[in-house]
Amino acid sequence: MELKNKIILVVGAAGLIGSEFSQSLIDNGAICILADRDSSKLNKLKKKLNCNKPNQIDIKKVDILNEKQIISLRKYINIRYKRLDGVVNLVANDPKMTNNKTNFKTFEDTNLLEFQKDLNVGITGMMLVIKHCVGLLKVSKNASVVNIASDLSIISPDHRLYSKKKKDYNSKPISYSIIKHGVVGLTKYLATYYGSQNIRFNSISPGGILHKQKKIFQKKISRLIPLGRMANIKELSSSLIYLLSDKSSYTTGTNLIVDGGRSIW
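Each residue is numbered by its place in its chain's sequence as written, counting from 1. In view of the model being predicted, local features appear only for residues whose pLDDT reaches at least 70, and side-chain atom pairs are presented and counted only at 80 or more, with totals across whole chains, interfaces and linings using the full set of residues. To get the side-chain values, all heavy atoms of the structure are used, and hydrogens and water are removed first.

Talk me through the side chain of Ser248; I want residue IDs and the actual numbers.
Numbering goes from the N terminus for both helices and strands, where a helix is a DSSP run of H or I of at least four residues and a strand is a run of E of at least two. As for its placement among the helices and strands, Ser248 is situated in the loop between α7 (237-244) and β7 (255-258). Overall, Ser248 belongs to the buried group, its relative accessible area being 0%. Whenever a nitrogen or oxygen atom comes within 3.5 Å of another N or O atom, the pair is scored as a polar contact, on the condition that within protein one atom can donate a hydrogen and the other can accept it, and that pairs from neighbouring residues in sequence are kept only if both atoms are in side chains. Within polar-contact distance, the side chain of Ser248 engages the backbone oxygen of Leu243 at 3.1 Å. With sequence-adjacent residues up to four places away left out, Ser248 is seen in contact with Arg200, Tyr242 and Leu243. Each residue is assigned to one of three classes by its accessible area relative to the maximum for its type, calculated with a 1.4 Å probe on protein chains only: buried under 20%, partly exposed between the two thresholds, exposed over 50%. In what follows, residue pairs with any heavy atoms lying within 4.5 Å of each other are defined as contacts.

This is how it looks when you write it as structure tokens:
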């Protein structure tokens, strides 16, 4: 029970990684406040999660692009819990490579409004969550914030992996790479800014997660990974638990790379 009775806010909890992280946090004794803009998915997640203790799960609908809603969330947490021991930031617009019918655009066709919205979600939204919750983190004796980046925070997407056919063009948009590099920069900035106040900031950069991708894509990307395969979603949780727990009390400003070795080639 590495996180027993720690109050952890998970932002973007209803997504693939967020769902797995939420269960792992609960299994390790944390009291979880699960936030997402999709209330329907949050309710389904709450029913799905296995929890042995009452009041271990709290769900809140929040649009992180609405600063007033973030402020309301902070007030709610302050009234009910009085503090935060950890924050997990999973927010990002991430196009999925799960089928043949994709609508991804080439770099030349990048839509400015869509580009700016991606940056607002992945960087501005993450910054606003920390800005308004840091006061609650200061109350904790050993607070920890974990921002989720990507292996694309340190390398470029390998454009050879993706189809260039007009009917199913599906490369990662440039906004995704910019955001994930920015997440690491944001993490390091805050680690130095709040280090003297005993609030730690780290990021995790996971490699590609196996989830309904086309077989040809799986084979191509597996050849780029020393371990020869994509990640199982369950393989990321232990890194999160370590960074949120007191066992990492002297770890801050770190970008923990969990990519099967892809970025070393």
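Quick rundown of the sheet that holds strand β1 (residues 7-11)? Include the residues and the values.
As summarised here, the arrangement of the seven strands in space is β3-β2-β1-β4-β5-β6-β7, forming an open sheet in which the pairing is parallel. Edge positions in the sheet fall to β3 (57-61) and β7, since each of these pairs with one other strand and no more. On average, adjacent strands in this sheet sit at an angle of 20° to one another, irrespective of strand direction. Against the sheet, helix α3 (residues 67-80) contacts β1, β2 (31-36) and β3, and its axis sits at roughly 155° relative to β3. What makes two strands pair is DSSP finding at least two bridges between them. Between N-to-C directions, angles cover 0 to 180 degrees, with each direction set by a line fitted to C-alpha atoms, over the stretch in contact for helices.

Report on the pattern of salt bridges, specifying residues and quantitative values.
One speaks of a salt bridge when a side-chain nitrogen belonging to Lys or Arg is within 4 Å of a carboxyl oxygen belonging to Asp or Glu. By the definition in use, this model includes nine salt bridges. Where Arg262 meets Asp151, a salt bridge forms, and the shortest distance between an N and an O atom there is 3.3 Å. Here the residue Arg262 occupies a position in the segment after β7, and Asp151 occupies one in the loop between β5 (143-148) and α5 (174-193), the gap between them amounting to 111 residues. Between Arg229 and Glu235 there is a salt bridge; the shortest N-O distance is 2.8 Å.

Explain the side chain of Asn89 residue by residue, including any values.
With respect to the helices and strands, Asn89 occurs in strand β4 (residues 86-89). Note on Asn89: relative accessible area 0%, which makes it buried. Polar side-chain contacts of Asn89 include one of 3.1 Å to the side chain of Asn147. Excluding residues that lie within four positions of it along the chain, Asn89 makes contacts with Val11, Met126, Val129, Ile130, Val145, Val146, Asn147 and Ile148.

Please provide a residue-by-residue account of unusual backbone geometry, values included.
Trans peptide bonds make up the majority, and among non-glycine residues the majority have a negative phi. Here Asn5, not a glycine, exhibits a phi torsion of approximately 65°, which is positive. For Asn5, the position within the fold is in the segment before β1. Positive phi outside glycine occurs at Asn198, with the angle close to 60°. Assignment of secondary structure puts Asn198 in the loop between α5 and β6 (199-206).

Which residues make up the environment of Lys44, and what values go with them?
For Lys44, the position within the fold is in helix α2 (residues 39-48). Residues Lys44 and Leu65 lie 21 residues apart in sequence; the distance between their C-alpha atoms is 23 Å.

I'd like a rundown of the pairing of β4, residues and numbers included.
Residue alternation in β4 divides its side chains into two sets, Gly86 and Val88 and Val87 and Asn89, and both sets are buried. Looking at chain direction, β1 and β4 are connected through four bridges and run parallel. Following the sheet pairing, Leu9 is matched in β4 by Val87.

So, the packing of aromatic side chains: which residues are in play, and what are the values?
Planes of paired rings set the category: under 30 degrees apart is stacked, over 60 is edge-to-face and the rest tilted, where pairs are Phe, Tyr or Trp rings (Trp by its six-membered ring) whose centres lie within 6.5 Å. This model, assessed by the stated rule, comprises three aromatic pairs. Taking 5.9 Å as the distance between ring centres and 15° as the angle between the ring planes, the aromatic pair formed by Tyr189 and Tyr193 counts as stacked. In this pair, Tyr189 and Tyr193 are both assigned in helix α5, four residues apart and thus about one turn of the helix distant. On the basis of an interplanar angle of 70° and a centroid distance of 4.9 Å, the ring pair of Tyr193 and Tyr194 is categorised as edge-to-face. Taken together, the aromatic side chains of Tyr189, Tyr193, Tyr194 and Phe201 make up a single cluster linked through ring pairs. The rule for a charge over a ring is simple: NZ of Lys or CZ of Arg within 6 Å of the ring centre, and within 35 degrees of the ring normal. In this structure, Lys60 is placed above the aromatic ring of Tyr76, and the distance from its NZ or CZ to the ring centre is 4.1 Å. We note Lys172 situated over the ring of Tyr176; from NZ or CZ to the ring centre the distance is 4.2 Å.

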